[in-house]
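Inside the fold
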Amino acid sequence: MAAILQIFIFLPLLGFLISLTHPERDETRISRTALITVGAHLAGFNLFLLYWAFRGFPTLELKDFVLFQTESYEFYIDFLFDRITATYMFVGAFLTFMVLLYSRHYMHREAGYKRFFSTVLFFYVGYNMVVFSGNMETMFTGWEVLGITSFLLIAFYRDRYLPVKNAVKVFSIYRIGDVGLLLAMWMMHNLFHENVSFHMLEDQAFVLEHLQPHAFVGAAIGLMILVAAAAKSAQLPFSSWLPRAMEGPTPSSAIFYGSLSVHIGVFLLLRTAPLWRDQLFVCLVIGLLGFTTSVVATVIARSQSAIKSQIAYASIAQIGLIFIEIAAGFDTLALVHFAGNAFLRTYQLLVSPSVVTYLIREQFYNFVPREHHARWVLPKKFVYSLYMLSVREFDLDAFMYRKLWNPMKSLGRRLNFLTFWRAVGIFVPVYLLGLYGVYNREVLPVAVTEVLPVIFASMAAVLVLKSFTERKRARMTWLLAIMTHFWIALATSFNANFDFSESYIYLSGVALAGIVGFLCLRRLKHLEGDIDLDRFHGHSRQHPKIAFVFLLCCLCATGFPISPTFIGEDLMFAHIKEGQVGLAFLTSLSFILVGLSIIRIYARVFLGPHAKSVYEVAYKSS
């Protein structure tokens, strides 16, 4: 019975691959392929659900195949099916089918009709991977797919300024969630000394045996899981990305940010609850975060003028309540709440264009001012201040910039003296010396080998900070980001019991992507002349093939699950010891900034309004 689970993973993948073969203008075949794929998936899953119920609702686990294995490490794909999976899969399959049915006519004659349906099918592949995941590694595979498909659908109108800018902004928050998940996986490897599955975490005796002597590590794992869940589900302080993500088409807003993708953080908390639920501190933090988010989002939602922003913040408020329910141990209530919120927000977003049209007409004929009773109870100064704060969304965007991005940019600007050739002249000789030290560790003092990983990781951070803040040379930015991966591998190589073949696995995808990506930028520079990063160029309009190849290179270089680098990133973390907190922090920071720097290159060079005035350019506010 467990073997059937593979069908629900590979059927959407097959539909996605078939959709890529259809001609761009053949809307009937494109939409029919998507509807048949998801419809067959929905029908098959409902039959499986009935059979599963007839068998007494057993928990099913399938260890499918091992991707990589050493004496101390195993990366394997594992699938799990229980009531959490059943709820998420039924809601996801039903809503995806309804949204695709709606989109068949809504997206009629859109320039990116095929791109939209293919991306939604790819999203559905990632959603299935997450929902059926039986361990953190399998979940992370689908997690990454959800992130890139979100970026592509927010930037669906890629010839406009705001959708592309907001897509990069949302991707930056997703990268924080990615690293939170990676750090949680790293600490779990050090805590359990093996790759544990979610089914193993349900054994309370097994979990307590490892947690009792390492209570602090257990709390840290819980907090990293919370960071990943909060980033994915738009909880404070990351809440402002959700209304920005509504720049894409209304159907994608409904399925991503109204119903499915935004609830993946809830799914992560439900899956890992046996690990952190016995830790009162973690439960209190999750509950307090949910309560604060719910209050703030409710106030913001009541003052927004855009209907999508109102729905977005209303959904955030409900997800905050779901966080409270999970922290309190009401998992069944949380699942019911998730299903209700998903159905409601999808319906609201799909009818929002009609609602806006109706309200615009009504306000001219039957407008009646709302009665505000609170103004007579609360002081006017407080009411007006609260209103201004809510209109400005509590300055959540400004808070993220002031506390996170601006300090990084400030550090990066201090490296303006570092030109490409200076970087090569300084870092390449030091890197070669580091390689010599790795292959001759026995001649180095122990104290030196303990310090070198942090030094080399710091140099990786310097390179990626320069890449992240560079506003001119695209090729230099690309090469610095690629070089960062080599420094991370060098820093990790000094740890004991490290097999150099693992570095080759990590760097093989990066090296190939780096070479091909550089050739793409070089070719584009030859054809267009100006590809500096101080503006959007929109070259995907004239050079779609180069844009597609460069996007694949970006995905490989950021650790997307289409290259060995995806396994390599987890391998690098697996070899960082429990006491090497500084190395883990610098490595995670580098991974955040590498992803942002590379995606920013793609967005600036290939997306946005076209640099040439001969093409139609949308208003910057559109």
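Further up the page is the structure itself.
The notes below deal with the structure included here. (Residues numbered from 1 in each chain as written. Predicted model: local features only at pLDDT ≥ 70, side-chain atom pairs only at ≥ 80, totals over all residues. Heavy atoms only, no water.)

Re the side chain of Ser197
Looking at where Ser197 falls in the secondary structure, it is placed in the loop between helix H6 (161–192) and helix H7 (198–201). Residues contacting Ser197, with those up to four places away along its chain left out, are Glu61, Tyr76, Asp78, Gly134 and Asn135. (Helix = DSSP H or I, 4+ residues; strand = E, 2+ residues; numbered from the N terminus. Contact = heavy atoms within 4.5 Å.)

A closer look at a nonpolar patch on the surface
Taken together, Phe90, Phe94, Met98, Leu101 and Phe343 make up a surface patch of nonpolar side chains, about 370 Å² in accessible area. Broken down by element, the residue count for the nonpolar patch peaks at four residues, all from helix H3 (residues 83–106). Along the polypeptide, Phe343 turns up in helix H15 (residues 331–365). Phe343 gets classed as partly exposed once you look at its relative accessible area, which sits at 31%. (Patch = residues over 30% accessible without salt bridge, like charges linked within 9 Å, V, L, I, M, F, W, Y side chains within 5 Å. Areas by Shrake-Rupley, 256 points an atom, 1.4 Å probe, with all protein chains shown as cover. Salt bridge = Lys/Arg side-chain N within 4 Å of Asp/Glu carboxyl O. Buried < 20%, exposed > 50% of the residue type's maximum accessible area, 1.4 Å probe, protein only.)

Details of H6
Three- or four-residue spacings in an α-helix give side chains the same orientation, since the helix completes a turn every 3.6 residues. Helix length check: H6, at 32 residues, gives a terminal C-alpha distance of 47 Å against a target of 46 Å (1.5 Å per residue), a fit within 8%. The buried fraction of H6 is high, at 29 of 32 residues. Count one or two residues on from H6 and you reach His193, which has phi positive near 60 degrees. (Expected span 1.5 Å × (residues − 1).)

Here we look at helix H17 (residues 380–391)
When the terminal C-alpha atoms of H17 are compared, their 16 Å separation across twelve residues agrees well with the 16 Å that a helix rising 1.5 Å per residue should span. Phi turns positive one or two residues past the end of H17, at Glu393, with a value near 55 degrees.

Some thoughts on the pattern of salt bridges
Any two side chains of opposite charge can pair, on the condition that their charged atoms come close. The final tally for this structure, using the stated rule, is twelve salt bridges. Among the ionic pairs, Arg271 bridges to Asp82, the shortest N-O distance being 2.8 Å. Taken together, the residues span a long stretch of sequence, with Arg271 in helix H12 (residues 264–276) and Asp82 in the loop between strand E2 (74–81) and H3 at a distance of 189 residues. What makes Asp82 buried here is its relative accessible area of 8%. Here Asp397 makes a salt bridge to Lys169, at a shortest N to O gap of 3.7 Å. On the criterion of sequence distance, the pair formed by Asp397 in helix H18 (residues 396–413) and Lys169 in helix H6 is long-range, its members being 228 residues apart. The class of Lys169 is buried, set by a relative accessible area of 17%. When salt bridges that share partners are traced, they join Lys169, Arg244, Glu393 and Asp397 into one network.

What about the environment of Glu470?
Note on placement: Glu470 falls in the loop between helix H20 (446–469) and helix H21 (474–493). Between the alpha carbons of Glu470 and Asp534 there is a distance of 8.9 Å; along the sequence they are 64 residues apart. When near neighbours in sequence (up to four residues on either side) are disregarded, Glu470 contacts Met476, Thr477, Leu533 and Arg600.

Quick look at the nonpolar core
Tyr88, Tyr127, Trp241 and Trp478 are the most contacted members of the largest nonpolar core, which totals 219 residues. For this core, the element with the most residues is H6, which contributes 19 residues. Not counting residues within four places of it along the chain, the set of residues in contact with Tyr88 comprises Tyr127, Val131, His263, Val266, Phe267, Leu270, Leu335 and Phe338. (Core = buried A, V, L, I, M, F, W, Y, C linked by side-chain atoms within 4.5 Å.)

Don't take any of this as a statement about function, it's just geometry.
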